[in-house]
Amino acid sequence: MYEYALVFLGAAIPWLEIALVIPLGIIRGLSPFWVMLLAFIGNMATVLPVIIGFEKVRQWILKRQEKKGKAPSKRSERAKKIWNRYGLPGLALLGPILIGTHIAAFIGMSLGAEKKWAILWLTISIAVWTLIFGIATELGFEFFR
């Protein structure tokens, strides 16, 4: 049972997220249904507060970067290129595999996305990628059995 809690927590942690947690959980022998459901819920549980509490998070990050004298990261530069080319839907759909859902949410909000559209597109994206990672892992795992 604790393994399912780890799936939930792993999916909620930025940079681990669903791309790593779902395949590991399924390969470990856990139920693909529960792994995918808990990973989806875990990832959404931390992405939604980023979108909803965007202003406070943005101010905290800007102050932190200012203190450290940091320039924008390569990930944020990549996200801006995706935004300019594909907009919020592209950023949300490509975010989980290129920059992470939390960063995609933050970048989308910082580039002017409305909360309701950011929530909609990131929910769709996380659901789609959850299915892709889960089904691909299960089919690949079955192929090698």
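Check the entry above for the structure.
Note that the coordinates shown come from a computational prediction; the quantities given were computed from them, not determined experimentally. (Residues numbered from 1 in each chain as written. Predicted model: local features only at pLDDT ≥ 70, side-chain atom pairs only at ≥ 80, totals over all residues. Heavy atoms only, no water.)

Student: Explanation requested: the overall build of the protein in the structure shown.
Tutor: When its secondary structure is counted, the protein shows seven helices and zero strands. For the protein, the N- to C-terminal ordering of α and β elements is α-α-α-α-α-α-α. Against the globule reference of 15 Å for 145 residues, the protein gives a C-alpha radius of gyration of 16 Å, in line with a compact fold. Its C-alpha atoms put the protein at 50 × 30 × 25 Å along the principal axes. In the protein, which comprises 145 residues, the share counted as buried stands at 39%. Contacts in the protein between residues far apart in sequence, at least 24 positions, make up 75% of those at least 6 positions apart. Counting only carbon and sulfur atoms, one obtains 69% of the accessible surface of the protein, whose full area is about 8,700 Å². When the 17 basic and 8 acidic side-chain charges of the protein are each reduced to a single mean position, those positions are 9 Å apart. (Helix = DSSP H or I, 4+ residues; strand = E, 2+ residues; numbered from the N terminus. Rg over C-alpha atoms; globule rule 2.2 N^0.38 Å. Buried < 20%, exposed > 50% of the residue type's maximum accessible area, 1.4 Å probe, protein only. Contact = heavy atoms within 4.5 Å. Areas by Shrake-Rupley, 256 points an atom, 1.4 Å probe, with all protein chains shown as cover. Lys, Arg positive; Asp, Glu negative; His and termini not counted. Charge placed at Lys NZ, Arg CZ, Asp CG, Glu CD.)

Student: Looking at this structure, how should I read the nonpolar core?
Tutor: For soluble globular proteins, nonpolar side chains are generally found buried alongside one another. With 35 residues, the main nonpolar core has Val 7, Ile 18, Ile 22, Ile 51, Leu 91 and Leu 122 as its most contacted residues. Listed by contribution, the elements that provide at least two residues to this core are α1 (2-12), α2 (17-27), α3 (32-52), α5 (74-98), α6 (101-110) and α7 (115-143). If near-sequence neighbours (up to four positions away) are discounted, Val 7 is found in contact with Val 21, Leu 30, Val 35, Leu 38 and Ala 39. (Core = buried A, V, L, I, M, F, W, Y, C linked by side-chain atoms within 4.5 Å.)

Student: Sorry if this is basic, but what is going on with the layout of surface pockets here?
Tutor: Space inside the largest pocket adds up to approximately 890 Å³. Lining the largest pocket are 27 residues; nearest its centre among them are Ile 61, Gln 65, Ser 73, Ile 103 and Phe 106. Residue assignment for the lining of the largest pocket shows that the elements contributing at least two residues are α4 (54-68), α5 and α6. Residues belonging to the lining of the largest pocket are distributed by class as follows: 14 nonpolar, six polar and seven charged. What the second largest pocket holds in volume is close to 160 Å³. Together, Glu 3, Leu 6, Val 7, Gly 10, Leu 16, Leu 20, Val 21, Leu 24, Gly 25, Arg 28 and Leu 30 line the second largest pocket. Here the residues of the lining of the second largest pocket are counted per class, giving seven nonpolar, two polar and two charged. (1 Å grid on protein atoms, 1.4 Å probe; cavity = no way out; pocket = protein on both sides within 12 Å on 5 of 7 lines; lining within 4 Å. Points joined across faces, edges and corners; volume = space filled by probe spheres on them. Nonpolar A, V, L, I, M, F, W, Y, C, P; charged D, E, K, R; others polar.)

Student: What's the story with the packing of aromatic side chains in this structure? I'm lost.
Tutor: The geometry of an aromatic ring pair comes down to the distance between the two centres and the angle between the two planes. What the rule picks out here adds up to three aromatic pairs. Centroid distance Phe 33 to Trp 34: 5.0 Å. Interplanar angle 80°. Geometry classified as edge-to-face. Residues Phe 54 and Phe 106 carry aromatic rings whose centres are separated by 5.4 Å and whose planes lie at 50° to one another, so their mutual orientation is tilted. Taken together, the positions of Phe 54 in helix α4 and Phe 106 in helix α6 put the pair 52 residues apart, joining distant regions of the chain. (Phe/Tyr/Trp six-rings, centres within 6.5 Å; stacked < 30°, edge-to-face > 60°.)

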